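Chain residues, written in single-letter form:
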Amino acid sequence: MLQCFYSIHARVSALGDTFSDILFLVFIGGVLVLSISLFFYYNFLRRRAFLEIATLLKFQYYYRSYAIPRRFAFLRQQRRGRGRHASNILWGVHHQMETYIFDYMFSTGMANEKIWHFSSFVVLRHASTCPSLRIYPRSMLEVLGHIVGYEEVFLDIEGFSDSFAVYATQDAFARRICTQPLIEYMMRHLDFSVEVEPGWVAVGKEEKLIPEEIPRRMRQTEKIRSFLAL
């Protein structure tokens, strides 16, 4: 009789353990489903916010592009990784200037060591056939590596030279472009990069676009464009 009791108790305990395991698996599955749902819902809200900003600006909106990294020469410096593409692209004409706004990303490393690098740009059209110029925060140089095809221009400007590296295809052009108003503005925005090439001016940051801040990013880029006297 006692042996029978112990046998029944063991079976009940086993059933209880199995039921607990099932509940735990259901809980884990629910958490995964909720996480995935929240991820897709966040992306849906983010994409809708970009569409609303595009409509407000009377711009066109594209979710993703693999052609933009090949379209703009200044992105060649950031084409060192894999999976290069632009996303959340806004395109249109603003203040009579053709304008592109987009996120840009690429990865370096493999497998567990893979790292995704994110940045965002506002790009304005201009009519000058000027030389090329790059102004990078020195913190970016570790990711960018060697700046191919450019020589660093040492301006010896207190504070500015410690914070930014200037590269150009023509030394004299860099010295003409880096005026005091531009330097003062850049010193107030230490996370900006400025890239000038024939036909385009781009101002970038090492972070993703925030839809609500796009109009401010456009005004900042227009201000920098006005300092360049192209």
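Residues numbered from 1 in each chain as written. Predicted model: local features only at pLDDT ≥ 70, side-chain atom pairs only at ≥ 80, totals over all residues. Heavy atoms only, no water.

## Regarding the pattern of salt bridges
Turning to step 1, where the next piece is worked out: Per the counting criterion, the structure on display carries 8 salt bridges.
Turning to step 2, where the next piece is worked out: A salt bridge links R138 to E152; the nearest nitrogen and oxygen atoms lie 3.0 Å apart. Taken together, the residues R138 in the loop between strand 5 (133-137) and helix 3 (141-144) and E152 in strand 6 (residues 151-152) connect sequence positions 14 residues apart.
Turning to step 3, where the next piece is worked out: Between D191 and K205 there is a salt bridge whose closest N-O contact spans 3.3 Å. With D191 in the loop between helix 6 (180-187) and strand 8 (193-197) and K205 in strand 9 (residues 200-205), this pair connects stretches of sequence that are 14 residues apart.
Turning to step 4, where the next piece is worked out: Accessibility expressed as a relative area gives 36% for D191, which makes it partly exposed.
Turning to step 5, where the next piece is worked out: Each of the salt bridges in this network shares a partner with another, and the network as a whole consists of D191, K205 and E207. (Salt bridge = Lys/Arg side-chain N within 4 Å of Asp/Glu carboxyl O. Helix = DSSP H or I, 4+ residues; strand = E, 2+ residues; numbered from the N terminus. Buried < 20%, exposed > 50% of the residue type's maximum accessible area, 1.4 Å probe, protein only.)

## Thoughts on the nonpolar core
Turning to step 1, where the next piece is worked out: The biggest cluster of nonpolar side chains holds 25 residues, and the ones touching the most others in it are L133, I135, V166 and M186.
Turning to step 2, where the next piece is worked out: Counting only elements with at least two residues in this core, the list comes to strand 5, strand 7 (164-168), helix 5 (171-177), helix 6, strand 8, strand 9 and helix 7 (214-228).
Turning to step 3, where the next piece is worked out: The dominant element in this core, judged by the number of residues it contributes, is helix 6, at 4 residues.
Turning to step 4, where the next piece is worked out: Beyond its immediate chain neighbours, meaning those up to four positions away, I135 contacts F160, F164, A165, V166, C178, L182, M186, F192, S193 and V194. (Core = buried A, V, L, I, M, F, W, Y, C linked by side-chain atoms within 4.5 Å. Contact = heavy atoms within 4.5 Å.)

## Some details on the sheet that holds strand 2 (residues 82-94)
Turning to step 1, where the next piece is worked out: With antiparallel pairing, the 9 strands of this open sheet are ordered in space as 1-2-3-4-9-8-5-7-6. Across the chains shown, the open sheet's two edge strands, defined by having one partner strand only, are strand 1 (60-65) and strand 6.
Turning to step 2, where the next piece is worked out: Note: strand 2 against strand 3 (residues 97-108), 9 bridges, orientation antiparallel. What sits directly across from S87, in strand 3, is D103.
Turning to step 3, where the next piece is worked out: Taken strand by strand, helix 7 contacts strand 2, strand 3, strand 4 (115-125), strand 8 and strand 9, and its axis lies near 60 degrees from that of strand 4. (Pairing = 2+ DSSP bridges. Axes fitted to C-alpha atoms, helices over the stretch in contact; angles between N-to-C directions.)

## Some points on the confidence of the model for the protein chain
Turning to step 1, where the next piece is worked out: On average, residues of the protein chain score 83 in pLDDT, and 78% of them are at 70 or above.
Turning to step 2, where the next piece is worked out: Within the protein chain, no element has a lower average pLDDT than helix 1 (residues 2-57), which sits at 64, and none a higher one than strand 9, at 96. (pLDDT = per-residue confidence, 0-100.)

## Some details on the packing of aromatic side chains
Turning to step 1, where the next piece is worked out: If you walk through the whole model with that rule in mind, you get 13 aromatic pairs.
Turning to step 2, where the next piece is worked out: Considering the side-chain rings of F50 and Y61, the 6.1 Å spacing of their centres and the 15 degrees angle between planes classify their relative orientation as stacked. With a gap of 11 residues between them, F50 in helix 1 and Y61 in strand 1 connect regions that are remote in the sequence. Like F50, the residue Y61 is buried in the burial classification.
Turning to step 3, where the next piece is worked out: Aromatic pair Y104 and F106: ring centres 6.1 Å apart, planes at 45 degrees, arrangement tilted.
Turning to step 4, where the next piece is worked out: Over the aromatic face of Y63 sits the side chain of R47, whose NZ or CZ is 3.7 Å from the ring centroid.
Turning to step 5, where the next piece is worked out: K208 extends its terminal NZ or CZ atom over the ring of F118, reaching a point 4.5 Å from the ring centre. (Phe/Tyr/Trp six-rings, centres within 6.5 Å; stacked < 30°, edge-to-face > 60°. Lys NZ or Arg CZ within 6 Å of the ring centre and 35° of its normal.)

## Looking at the packing of helix 6 against helix 7
Turning to step 1, where the next piece is worked out: Between helix 6 and helix 7, whose axes approach to 8 Å, the crossing angle comes to 150 degrees. Between helix 6 and helix 7, the interaxial angle falls into the category roughly antiparallel. Pair helix 6 / helix 7 crosses with left-handed handedness. Mapping the contact onto sequence places P181, L182, Y185 and M186 in helix 6 and Q220, K223, I224, F227 and L228 in helix 7.
Turning to step 2, where the next piece is worked out: When grouped by side-chain class, the residues that make up the contact of helix 6 with helix 7 number 7 nonpolar, 1 polar and 1 charged. (Parallel < 35°, antiparallel > 145°, perpendicular 65-115°, else oblique. Left-handed = near helix turned anticlockwise from the far one by under 90°. Nonpolar A, V, L, I, M, F, W, Y, C, P; charged D, E, K, R; others polar.)

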